[in-house]
Amino acid sequence: MADVTLDGLRKEFDRGTIVAVDDIDLEIEDGEFVTVVGPSGCGKTTTLRMVAGLEEPTAGRVLFDGEDVTDIHAKDRPVAMVFQNYALYPHKTVLENMEFGLRMSTDMAKEERHERVREMAEMMGIEELLEDSPDELSGGQKQRVALGRAIVREPEVFLFDEPLSNLDAKLRTEMRAEIQKLQKEFDVTAMYVTHDQEEAMTMGDRLAILDGGKLQQVGEPTEVYENPVNEFVAGFIGSPSMNFLEVTVERDGSAVRLTNRDVGFEFELSQEYVTGHELADTTYTLGVRPENIDISERITGEETMTATVEVVEPIGSDNYVHLDVTPDFLARSDPSIRPEPDDEVGVDFREADIHLFHPETGKDV
Ligand code: ADP
Ligand code: MG
């Protein structure tokens, strides 16, 4: 097994006019499952292809167990990759597809290869399909075959590029669990790429969040959710998204308030908060998650702001209450409060639950 290090990894295309991957440093522990997540075009596939050896870095290195593999050919790296489109050979049977890697990279006898493939197929519940051709299979079966084919080679590093994107929601949930089970069972190091933050939240030991080719934050899912380093991460991780509102720092004697006069927002900060944070006299973006917003049907004049209810969306146990504060303000509230559209409600939250993002750096202060 192997740990994987990305050391200043960089990839430019078209003579440097496109920086697809911008100096990424990342260490993945032996046996760890790291999910690489970010919007389309942020450099996920290119990063993964450099780890696999399918793309040559412009600068930087890839190391397996501390050993530089940057110049080693893809077929000589102990990696297996699973793609969104399965990449099965259409004219080969399932068995032939699954044994192909073993045939190419080892001198294992045919009987032994078939034995290994059969065992793997049994584990994955696809032994009945071994003589079928890929076009007879459903999407879910194809992806099982692709997974089985990857793991039968006993790779040290498992690379996934959005492998579940073509499957329906129910199957996707099932396969997520299956992939994690396999990864733990075989104790392989895994890098799993997805644009779907929900998938990333449920799958990784740690998340690596990419934007514009740059690594934004690496951490455990809850850590990233609770302490996003910047506005991009805060808005990208979590569904529905964090609410954002422009607020200005106003000082009045020793009192420090965050205000937005346009929407009647006024929030007084505690002295502790003011001492603990270096606030400039400028406009910050305030962020607060929907589940941390309290709405009240009684207006007292003490609330941070009032707002008009636009839509109430029941989601089973709770309700999503959409408020008429631009841009898009959403509260998640328990069913004891069930306002109607056009009702005026009070809006509050705890100081501990707010984030303040700096106007220039985007960083949480
Ligand atoms: P993701 O997988 O996150 O969607 P990619 O790694 O595929 O992102 O692409 C990152 C950026 O690099 C994009 O702007 C993409 O257009 C560009 N890119 C990727 N491959 C090539 C290539 N072979 N030639 C030119 N530009 C490329
Ligand atoms: Mg991609």
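Please read all numbers here as calculations on a predicted model, not as lab measurements. (Residues numbered from 1 in each chain as written. Chains lettered and ligands numbered in written order. Predicted model: local features only at pLDDT ≥ 70, side-chain atom pairs only at ≥ 80, totals over all residues.)

Let's talk about the overall build of the chain
Threshold: A helix here means a DSSP run of H or I that spans at least four residues, while a strand means a run of E at least two residues long, and both kinds are numbered starting from the N terminus. We call a residue exposed when 12 or fewer other C-beta atoms sit within 10 Å of its C-beta, buried when the count reaches 20 or more, and partly exposed for counts in between; the C-beta positions come from the backbone. Working definition of a contact: two residues with C-beta atoms, positioned from the backbone, lying within 7 Å.
Counting its secondary structure elements, the chain contains nine helices and 20 strands. Seen through its principal axes, the chain has C-alpha atoms that stretch 80 × 45 × 35 Å. Taken over 365 residues, the chain has a buried fraction of 35%. Of all intrachain contacts in the chain linking residues separated by at least 6 positions in sequence, the fraction that spans at least 24 positions is 67%.

Details of the pairing of strand 7 (residues 157-161)
We apply this condition: In this analysis, strands are considered paired if DSSP registers two or more bridges between them.
Of all five residues in strand 7, five are buried, a share of seventy percent or more. Along strand 7, one buried face is formed by Val-157, Leu-159 and Asp-161 and the opposite face, lined by Phe-158 and Phe-160, is buried too. When strand 6 (residues 79-83) meets strand 7, the two strands line up parallel, connected through five bridges. Bridged to Val-82 within strand 7 is Phe-160. Two strands pair when backbone bridges link them, and strand 7 and strand 8 (residues 189-194) are joined in this way by five bridges, in the parallel orientation. What sits directly across from Val-157, in strand 8, is Thr-189.

Thoughts on the sheet that holds strand 12 (residues 255-260)
Let me state the cut-off plainly: Axis definition: a line fitted to C-alpha atoms, over the contacting stretch in the case of helices. Angles run 0 to 180 degrees between N-to-C directions.
Spatially, 13-12-11-14-20 is the arrangement adopted by the five strands of the open sheet, whose pairing is antiparallel. The two strands at the open ends of the sheet, each matched to only one other strand, are strand 13 (265-268) and strand 20 (355-357). Going from strand to strand, the sheet's axes swing by 35° on average, the running direction of each strand aside. Summarising the sheet, strand 11 (residues 243-252) and strand 12 pair through five bridges and their orientation is antiparallel. Bridge pairing links Thr-248 to Thr-259 in strand 12.

Thoughts on the packing of helix 2 (residues 94-105) against helix 3 (residues 110-123)
So the rule is basically this: Oblique is the label for every angle not falling under 35 degrees (roughly parallel), over 145 degrees (roughly antiparallel), or within 65 to 115 degrees (roughly perpendicular). Note on convention: near helix rotated counterclockwise from far helix by under a right angle means a left-handed crossing. Clockwise means right-handed.
Two elements in contact, helix 2 and helix 3, have axes whose closest approach is 10 Å; the angle formed by their N-to-C orientations is 125°. Classified by the angle their axes make, helix 2 and helix 3 are oblique. You can see that helix 2 and helix 3 cross each other, and the crossing is right-handed. Listed contacts from helix 3 to Leu-95, Met-98, Glu-99, Leu-102 and Arg-103 of helix 2 are Arg-113, His-114, Arg-116, Val-117, Met-120 and Ala-121.

Section: helix 5 (residues 169-186)
Using the following cut-off: The span you would expect from a helix comes to 1.5 Å times its residue count less one.
Between its first and last C-alpha, helix 5 extends 26 Å over 18 residues, near the 26 Å set by a 1.5 Å rise per residue. Phi for Asp-187, located one or two positions after helix 5, is positive at around 55°.

Concerning the sheet that holds strand 17 (residues 319-323)
With respect to topology, five strands assemble into an open sheet ordered 15-19-16-17-18, the strand pairing being antiparallel. What marks the edges here is a single partner per strand, and that holds for strand 15 (294-296) and strand 18 (329-333). With strand direction ignored, the average angle separating the axes of adjacent strands in the sheet is 45°. Examined bridge by bridge, strand 16 (residues 305-314) and strand 17 share five bridges and lie antiparallel to one another. Counted as the bridge partner of Pro-314 is Asn-319 from strand 17.

Quick notes on the pairing of strand 1 (residues 4-13)
Where strand 1 lies against strand 4 (residues 59-64), five bridges are found, and the strand directions are antiparallel. Looking across to strand 4, one finds that Thr-5 is bridged to Leu-63. In the sheet, strand 1 pairs with strand 2 (residues 18-28) via seven bridges, with the strands oriented antiparallel. Along strand 2, the bridge assignment pairs Val-4 with Ile-28.

A closer look at the site of ligand 1
Defined as follows: Throughout this description, a residue near a molecule or strand is one whose C-beta atom, derived from the backbone, lies within 6 Å of it. Following the grouping adopted for this structure description, the nonpolar residues are Ala, Val, Leu, Ile, Met, Phe, Trp, Tyr, Cys and Pro, the charged ones are Asp, Glu, Lys and Arg, and the polar ones are all others, Gly among them.
Residues in close proximity to ligand 1 include Phe-13, Asp-14, Ile-18, Ala-20, Gly-38, Ser-40, Gly-41, Cys-42, Gly-43, Lys-44, Thr-45 and Thr-46, which together make up its full environment. For the shell around ligand 1, the elements supplying multiple residues, two or more each, are strand 2 and helix 1 (44-52). In terms of residues, the shell around ligand 1 owes the most to one element, helix 1, which gives three residues. Among the residues making up the shell around ligand 1, the classes are represented as four nonpolar, six polar and two charged.

Thoughts on the domain arrangement of the chain
Worth spelling out the cut-off: Domain start and stop points were drawn from an automatic or database domain assignment.
For the chain, the assigned domains read domain 1 (4-236) and domain 2 (243-357). The C-alpha centroid of domain 2 is placed 40 Å from the C-alpha centroid of domain 1. Each side of the interface is counted separately: domain 1 has five residues, and domain 2 has five residues. In the side of domain 1 that touches domain 2, the residues fall into two nonpolar, two polar and one charged.

Here's the deal with the environment of Ala-331
Relative to the helices and strands, Ala-331 is located in strand 18. Note: C-alpha distance between Ala-331 and Glu-360 (29 residues apart in sequence) is 27 Å. Excluding anything up to four places from it in sequence, Ala-331 contacts Pro-290, Ile-293, Ile-295, Val-321 and Leu-323.

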